[in-house]
2 protein chains.
Amino acid sequence: MVSDTKDNKTITIYDIAKEAGVSASTVSRVLTNSANVRKEKKERVQALIDKYNFKPNALAKGLSDTKSHLIGIVSADVRNPFYAALYVACENAARQRGYNVLLCNSLGEGTREIEQLHMLKQQRVDAIIQIGGRVDDDVTDKTFSKEVTDIVSTIPMVVSGKIEGVKCYSVVIDAKEASTLLTQHLLQLGHRKIALVGGRLDVFSTKIKYDTYKEILEKNNIEFREEYIVNGRYDSETGYSGVKKLLGLKEIPTAIIAINDFAAAGVVRGLTELGFKVPEDISVVSYDNTYIADLLTPKLTSIDYDYETFGKKLIDVAIKAAEGEEVSSLNPITPHLVVRESSAALR
Amino acid sequence: MVSDTKDNKTITIYDIAKEAGVSASTVSRVLTNSANVRKEKKERVQALIDKYNFKPNALAKGLSDTKSHLIGIVSADVRNPFYAALYVACENAARQRGYNVLLCNSLGEGTREIEQLHMLKQQRVDAIIQIGGRVDDDVTDKTFSKEVTDIVSTIPMVVSGKIEGVKCYSVVIDAKEASTLLTQHLLQLGHRKIALVGGRLDVFSTKIKYDTYKEILEKNNIEFREEYIVNGRYDSETGYSGVKKLLGLKEIPTAIIAINDFAAAGVVRGLTELGFKVPEDISVVSYDNTYIADLLTPKLTSIDYDYETFGKKLIDVAIKAAEGEEVSSLNPITPHLVVRESSAALR
DNA sequence: TGAAATCTCGAAACCGATTTCAAACTTTAT
DNA sequence: ATAAAGTTTGAAATCGGTTTCGAGATTTCA
């Protein structure tokens, strides 16, 4: 019979101790396997632990050893499948190492993020992982970095990217390689008129993608055209309005690189509406390879990151930092090209 | 200058007390506003709290008042936008009421869910919300309900749906109304050959949707055709293979109700591949109105639930139960029809 | 003005674990 | 047999808050 209660009240280490005829210290020792306990007693205690399916109060444990065994994750928005994938990978990795995860969604708002960081501090999380920073300008960079610096002085923080003016652990995607894969893929298919849709240049990784694209064009003696760059947000609306703008040009592009699958969805929608077929008329590729890439018609050619590895690395750094271990140098996450239906050779 | 540390060590209520020249009890009283404190002292203490941006240790507080101010959420998979939307709504509602949220993804596996429930118990969460139950048969119903009953005897649990053999609070969607909205919508557009794709009849809400559909057909003297029902999972693959089956029939349907937006995406893909246009040739509608509905081309007509209200209700019940308040009778969540591009009048 | 009622506030106990310390008990070596 | 060394164990302190209790200060009212 599985039961963790006796007289309908949560049992403690003292209840176990009493029933086993030993002291609480001994029960604790059995629980944590931290010191020798005579075999006979050990078995007696263990039997009771099993009998009641006893699990020590995490609050008391945390208070005692000043560790919560909780890792805080501040994500921009788990409703975004990119963050969701990364979050789940982190959760899995954390759980495997005996940690739990406290998730907060900042929705890109700086004030909200600061609030949540304070909350995580109050919860005494052992480390914080930030995936996807703020995009709102509701707080100045200076205020923000000051607040975050303050938090970081107490709790180790690892970021998937960078925070301006704050030094903390950072695990990044190799954006240069990602951009190279996509651009080269299109070049190999014969495309020369390649447009970029979505993303802000003040976002670190976006800037790298943009620079790399430009660099590769130059290397291949292809003219860079300012009008093929349509910056914006990271949503489908940006893709939609962006592609409409591109199709108004004298020389319309034959391929489009969207900043993520959302933007790509908007691009596909815009093209379809105007009677263009993907990929027959125009190829569309994107970053992130979320499940959206697989859901759209045609399925999207996209850049994948192996989210499990990504999450594991974030958690690994976070736990190492939390436990005061040395954190070895951090290699960036390697992107992979997944070719599907949305890209084809130029006709 | 924002700073919560002094001598690089986390400060406590005692540090504040010492510096203010009062006892820890007084600081606590100011902190919780639980008793009178002479104005002069109160201000002195408050000034220090502000100065250091002091936040009381949640572990200590939780241990002391035997409440963690944490609500555990067991979700099937936040990567599914339906659960993600509901989760974010819950998080918002919880935060607004001073609670934090501990998220677990069961991935539909019973063993994993049981494990996570135990973990949540160990964390001493004040209540548990389950959104999206298990679909794997890795644990028998009997074992599962026994384990869950055991947990529920200690921690109040609210479920968005039902758990067989376990009595706990339950907030459900009005599936009958949802099915009615969709079926009537198609009937009004002139459709008489309506197919159902995806979903398992042993899932409570799916069964209701199925029954309601049948009922409405009967009421309208429309022949019910077994071959128009293609059960399966809740993913796009099911939609894809389902629609292929339907298109092999002598009399192909003119409208398809997908069990969710994923299945609908698969249906649209299948139709497009075979040269059918949506909605010109065949209308496609679905349940859940996740952002996928807005992303596909054409945009999907779908059933929305007002996730904010849904989440708020779940949290409201959870907190009431946690605080020992009476939980009033629970009205089901009212669904709404959102008409977009994927449904059109029969030609 | 003095007794009664009300406020204010600190000491101490408590929540439930871990950990240090030293006493008591075993085992080993001479 | 006895000293030395090693093991096992419980009492007590600790983590950082909240809460009860009662003493002392203040206010109210006759």
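Along each chain, residues carry numbers from 1 onward, in the same order as the chain's sequence is written. Numbering of ligands from 1 and lettering of chains from A proceed in the order in which they are written. Since the coordinates come from a predicted model, pLDDT governs what is reported: local features require at least 70, and pairs of side-chain atoms require 80 or more to be given and counted, while whole-chain, interface and lining totals use all residues. Remark: hydrogens and water are excluded; side-chain values derive from all non-hydrogen atoms of the structure.

A. Structural detail: the sheet that holds strand 13 (residues 336-338) of chain B. Residue and element names in this part refer to chain B. The strand order 9-8-10-11-12-13 describes an open sheet built from six strands, whose pairing is mixed. In the strand order of this sheet, the two ends are held by strand 9 (229-230) and strand 13, each with one partner. Here the rule is simple: two strands pair whenever DSSP picks up at least two bridges between them. Runs of E in the DSSP output that reach at least two residues are strands. Runs of H or I that reach at least four are helices, and both are numbered from the N terminus. Pairing geometry for strand 8 (residues 194-197) and strand 9, over two bridges, is parallel. Considered in strand 9, the bridge of L196 is made with I229. Contact definition: two residues touch when any of their heavy atoms are within 4.5 Å. Only the stretch in contact is used when a helix axis is fitted, and all axes are lines through C-alpha atoms; the angle between N-to-C directions ranges over 0 to 180 degrees. Contacts from helix 9 (residues 204-219) reach strand 8, strand 9, strand 10 (255-258) and strand 11 (283-287) within the one sheet, and its direction differs from that of strand 8 by about 170°. Against the sheet, helix 11 (residues 261-273) contacts strand 8, strand 10, strand 11 and strand 12 (301-304), and its axis sits at roughly 165° relative to strand 11.

B. Examining helix 1 (residues 13-20) of chain B more closely. Residue and element names in this part refer to chain B. Burial classes follow relative accessibility: with a 1.4 Å probe on protein chains only, a residue under 20% of its type's maximum area counts as buried, one over 50% as exposed, and anything between as partly exposed. Burial in helix 1 covers these residues: I16, A17 and A20. End-on, the buried residues of helix 1 take up no more than an arc of 100°, which puts them together on one face. For helix 1, exposure combined with an orientation more than 90 degrees from the buried face picks out Y14 and K18. For helix 1, the elements touching its buried residues are helix 2 (24-32) and helix 3 (39-52). Contacts described as polar in this section are N or O atom pairs within 3.5 Å, which, within protein, must combine one atom able to donate a hydrogen with one able to accept it, while residues neighboring in sequence count only if both atoms come from side chains. Measuring from the side-chain oxygen of the N-cap residue of helix 1 to the backbone nitrogen of Y14 gives 3.1 Å; that N-cap residue is T12. Among the residues trailing helix 1, G21 stands out with phi positive, at a value near 70°. Each C-beta atom gives one direction from the helix axis, and the arc is the one those directions make.

C. Up close: the protein's contact with DNA strand D. The near set for a molecule or strand comprises every residue that places at least one heavy atom within 4 Å of it. Around DNA strand D there are 24 residues in total, and T26, N36 and R38 of chain A together with I13 and S28 of chain B lie nearest to it. Of what DNA strand D places within 4 Å of the protein, 60% of the atoms are sugar or phosphate. With respect to DNA strand D, the side chain of R29 of chain A contributes an N or O atom lying 2.7 Å from a base nitrogen. At the level of secondary structure, the elements contributing two or more residues to the surface near DNA strand D comprise helix 2 (24-32) and helix 4 (58-65) of chain A together with helix 1, helix 2 and helix 4 (58-65) of chain B. When its residues are assigned to classes, the surface near DNA strand D shows eight nonpolar, 11 polar and five charged. Each residue gets one label: Ala, Val, Leu, Ile, Met, Phe, Trp, Tyr, Cys and Pro are nonpolar, Asp, Glu, Lys and Arg are charged, and the others, such as Gly, are polar.

D. Up close: the relation of the copies chain A and chain B. Once chain A is rotated about the relating axis by 180° and shifted along it by 0.1 Å, it coincides with chain B to within an RMSD of 0.2 Å. What we have between these two chains is a two-fold relation. To line up the copies, we fit them by least squares on C-alpha atoms, keeping just the residues with pLDDT of at least 70 in both.

E. Focus on the interface of chain A and chain B. At the interface, 62 residues of chain A touch 62 residues of chain B. Summing the contributions of chain A and of chain B, the shared interface buries around 5,500 Å²; its carbon and sulfur component is 55%. We define buried area as the total accessible area lost by two parts upon association, computed with a 1.4 Å probe and summed across both. By the criterion of area lost to chain B, the three top residues of chain A are L59, R269 and L295 of chain A, representing 13% of everything that side buries. What makes a salt bridge here is a side-chain nitrogen of Lys or Arg within 4 Å of a carboxyl oxygen of Asp or Glu, nothing more. Linking chain A with chain B are two salt bridges. Elements that contribute at least two residues to the side of chain A that touches chain B include exactly helix 4, helix 5 (81-96), strand 4 (100-105), helix 6 (110-122), helix 7 (141-152), helix 11 (261-273) and helix 12 (291-295) of chain A. With eight residues, the single largest contributor to the side of chain A that touches chain B is helix 5 of chain A. Here the residues of the side of chain A that touches chain B sort into 26 nonpolar, 20 polar and 16 charged.

F. Structural context of the pairing of strand 5 (residues 127-131) of chain B. All names here are of chain B. In terms of burial, strand 5 is a largely internal element, five of the five residues being buried. Neither face of strand 5 is exposed, since A127, I129 and I131 on one face and I128 and Q130 on the opposite face are all buried. With five bridges connecting them, strand 3 (residues 70-75) and strand 5 associate as parallel partners. Within strand 5, the residue paired with I71 across the bridge is A127. Alignment of strand 5 against strand 6 (residues 157-159), held across three bridges, turns out to be parallel. Paired with I129 across the bridge in strand 6 is V158. Viewed along the sheet, the connection from strand 5 through helix 7 (residues 141-152) into strand 6 turns out right-handed. Here, the term right-handed applies to a crossover whose path from the first strand over the helix to the second runs clockwise when the strands point away from the viewer.

G. Summary view of the protein's contact with DNA strand C. If you check the shell around DNA strand C, you find 24 residues, and the closest are I13 and S28 of chain A together with T26, N36 and R38 of chain B. In this structure, a base nitrogen belonging to DNA strand C sits 3.1 Å away from a side-chain N or O atom of Y14 of chain A. In the environment of DNA strand C, a phosphate oxygen lies 3.3 Å from a nitrogen or oxygen atom belonging to the side chain of K41 of chain B. Contributing elements (two or more residues each) for the surface near DNA strand C: helix 1 (13-20), helix 2 and helix 4 of chain A together with helix 2 and helix 4 of chain B. The element that contributes the greatest number of residues to the surface near DNA strand C is helix 2 of chain A, accounting for four residues. Residue composition of the surface near DNA strand C, by class: eight nonpolar, 11 polar and five charged.

H. Main features of the pattern of salt bridges. All names here are of chain A. Using the criterion set out here, one finds 40 salt bridges over all chains in the structure. Salt-bridge contacts for D235 lead to R233; the nearest nitrogen and oxygen are separated by 2.6 Å. For D235, a relative accessible area of 23% corresponds to the partly exposed category. A relative accessible area of 48% means that R233 is categorised as partly exposed. D294 serves as the salt-bridge partner of R340, at 3.2 Å between the closest nitrogen and oxygen. Of the two residues, R340 sits in the segment after strand 13 (336-338) while D294 sits in helix 12, which places them 46 residues apart along the sequence. The exposure class of R340 is partly exposed, given its relative accessible area of 21%. A relative accessible area of 31% means that D294 is categorised as partly exposed. Connected through salt bridges with shared partners, the residues R97, D316 and K320 form a single ionic network.

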